[in-house]
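Listed below are the residues making up each chain.
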Amino acid sequence: MHQTILITGATSGIGEATAKLFASKGYSIIISGRREDRLKALAKELESASYKAEILLLPLDIRNRQDVDCAIENLSPEWQNIDILVNNAGLSQGLDPIHRADVDDWERMIDTNVKGLLYMSRKVAPLMVSRQKGHIINIGSIAGREVYTNGNVYCATKFAVDALTQAMRKDLLEFGIRVSQVAPGAVNTEFSTVRFHGDTQRADAVYKGYSPLLASDIAEIIWFVASRPPHVNVNDILVMPTAQASASHFSKKSD
Ligand code: NDP
Ligand code: 8X3
């Protein structure tokens, strides 16, 4: 049966890898993110002979509630049949103690990771409720299980994702809608470059001396979660690099 997935934050990292994997499985895909040029390039690739996927672009800033509302309301009836929503768009900004961190960084993380996820879910969940089917997969983090030094607000937003995943599962239970969380440890994406405001040297150091997870590793787990039979819901998966035992406990080799 024809299936549609909406992936937020598809311009990079985990979201982009997930779009590619689901395209290879024959899904129609709504790809969202702020960088329209990247959405267009991804759409071109996924529509090409190697994937032949049907793609819809939803360029938007997930922090803008009105834009999220309009984007979902203006989907054609066919594209509103969203089977899977992957709430993946998110970011970290800064790594500073509570008394020195930049409050603007805090606002960006809360607005994106918590409020953005809520705006999108609030518009897509009713579409799923009306069809009595659907699957919401939230991308949490090890940072939503344990706090680490200077992780303060980023960790708080991912603890919120964990809480919201549990809450959504209860609220949507009677409608047969599955709600899952995939919570990774360190994944080598643009995440650290964004956290350190474009300082690629500092970002590269995060992934040195061990094998971090790759975006494709997480895409495969999202696929596993999504492809269980309808009576099976994977509530939660915490997945780490073999060389990472906790949020701040790594086995790294120096050069
Ligand atoms: P990337 O930086 O590579 O990707 C983040 C994606 O989120 C981009 O596509 C970006 O698109 C999108 N995004 C960010 N802000 C907004 C916004 N305001 N509106 C719309 N889209 C936005 O990082 P990852 O792939 O690693 O991150 C994906 C998710 O995984 C995040 O929720 C992150 O917290 C989580 N995660 C990451 C881990 C890691 O170690 N990398 C570990 C655990 C969880 P654009 O900039 O074009 O808007
Ligand atoms: C991203 C992983 O450990 O940098 O969520 O917070 S971590």
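Residues numbered from 1 in each chain as written. Chains lettered and ligands numbered in written order. Predicted model: local features only at pLDDT ≥ 70, side-chain atom pairs only at ≥ 80, totals over all residues. Heavy atoms only, no water.

(A) How the structure looks around the nonpolar core. If you look at the biggest cluster of nonpolar residues, it comprises 35 residues, and the most contacted ones within it are Ile29, Ile31, Ile137 and Ile222. With seven residues, the single largest contributor to this core is helix α8 (residues 215-226). Sequence-distant contacts of Ile31, defined by excluding residues within four places in its chain, comprise Ile7, Ala10, Ala19, Leu39, Leu42, Ala43, Ile55, Leu56, Leu57 and Leu58. Membership of the second largest hydrophobic core comes to 25 residues, among which are Trp79, Leu85, Val161 and Met168. (Core = buried A, V, L, I, M, F, W, Y, C linked by side-chain atoms within 4.5 Å. Buried < 20%, exposed > 50% of the residue type's maximum accessible area, 1.4 Å probe, protein only. Helix = DSSP H or I, 4+ residues; strand = E, 2+ residues; numbered from the N terminus. Contact = heavy atoms within 4.5 Å.)

(B) Geometry of the pattern of salt bridges. Using the criterion set out here, one finds eleven salt bridges in the structure. Where Glu16 meets Lys20, a salt bridge forms, and the shortest distance between an N and an O atom there is 3.4 Å. Remark: Lys20 and Glu16 occur in helix α1 (residues 13-24); sequence separation between them is four residues, near one turn of the helix. Judged by relative accessible area, Lys20 falls into the partly exposed class, the value being 24%. Across the salt bridge formed by Asp236 and Arg145, the nearest N and O atoms sit 2.6 Å from each other. Of this pair, Asp236 sits in strand β7 (residues 236-239) while Arg145 sits in the loop between β5 (134-139) and α5 (152-171), placing them 91 residues apart in sequence. On the basis of relative accessible area, Asp236 is assigned to the partly exposed category, the value being 36%. (Salt bridge = Lys/Arg side-chain N within 4 Å of Asp/Glu carboxyl O.)

(C) Fine view of the pairing of strand β6 (residues 177-184). Where burial is concerned, most of β6 is hidden: eight out of the eight residues are buried. Burial along β6 is two-sided: the residues Ile177, Val179, Gln181 and Ala183 and Arg178, Ser180, Val182 and Pro184 are all buried. Where β5 and β6 come together, six bridges link them in parallel fashion. Bridge pairing in β6 links Ile139 to Val182. As a crossover connection, the stretch from β5 through α5 into β6 is right-handed. With four bridges joining them, β6 and β7 adopt parallel strand pairing. For Gln181, the partnering residue across the bridge sits in β7 and is Asp236. (Pairing = 2+ DSSP bridges. Right-handed = clockwise from strand over helix to strand, strands pointing away.)

(D) Region of interest: the site of ligand 1. Residues in contact with ligand 1 amount to 29 residues; listed here are only the nearest, Thr11, Ser12, Arg34, Tyr154 and Thr189. The contact in question runs from an oxygen atom of ligand 1 to an N or O atom on the side chain of Thr11, over 2.7 Å. Between ligand 1 and Arg35 there is a distance of 2.8 Å, counted from an oxygen atom to a side-chain nitrogen or oxygen. Alone, ligand 1 offers 880 Å² of accessible surface; in the complex the protein occludes 96% of this. Contributing elements (two or more residues each) for the shell around ligand 1: α1 and α5. Residues that form the shell around ligand 1 fall into these classes: eleven nonpolar, twelve polar and six charged. (Near = heavy atom within 4 Å. Polar contact = N/O pair within 3.5 Å; in protein donor to acceptor, adjacent residues only side chain to side chain. Areas by Shrake-Rupley, 256 points an atom, 1.4 Å probe, with all protein chains shown as cover. Nonpolar A, V, L, I, M, F, W, Y, C, P; charged D, E, K, R; others polar.)

(E) Region of interest: unusual backbone geometry. The phi dihedral of Asn150 falls on the positive side, at around 70°, and the residue is not glycine. Of note, Asn150 is situated in the loop between β5 and α5. Its relative accessible area of 26% is what places Asn150 among the partly exposed residues. At His197, a residue that is not glycine, the phi angle is positive and equals roughly 50°. Among the structural elements, His197 can be located in the loop between α6 (191-195) and α7 (200-206).

(F) Local environment of the side chain of Gln244. By secondary structure assignment, the location of Gln244 is in strand β8 (residues 244-246). Using a relative accessible area of 6% as the deciding quantity, one classes Gln244 as buried. A distance of 3.1 Å separates a polar atom in the side chain of Gln244 from the backbone oxygen of Ser246. Aside from chain neighbours lying at most four places away, what touches Gln244 is Ile142, Gly185, Ala186, His249 and Phe250.

(G) Seen up close, the sheet that holds β5. Judged by pairing direction, the sheet is parallel, and its seven strands sit side by side in the order β3-β2-β1-β4-β5-β6-β7 without closing on themselves. Two strands in the sheet have a free side with no partner beyond their single neighbour: β3 (55-59) and β7. Taken pair by pair, the neighbouring strands of this sheet meet at an average axis angle of 15°, ignoring direction. As defined by bridge partners, strand β2 (residues 28-33) adjoins β3 across five bridges and the pair is classed as parallel. Following the sheet pairing, Ile31 is matched in β3 by Leu57. (Axes fitted to C-alpha atoms, helices over the stretch in contact; angles between N-to-C directions.)

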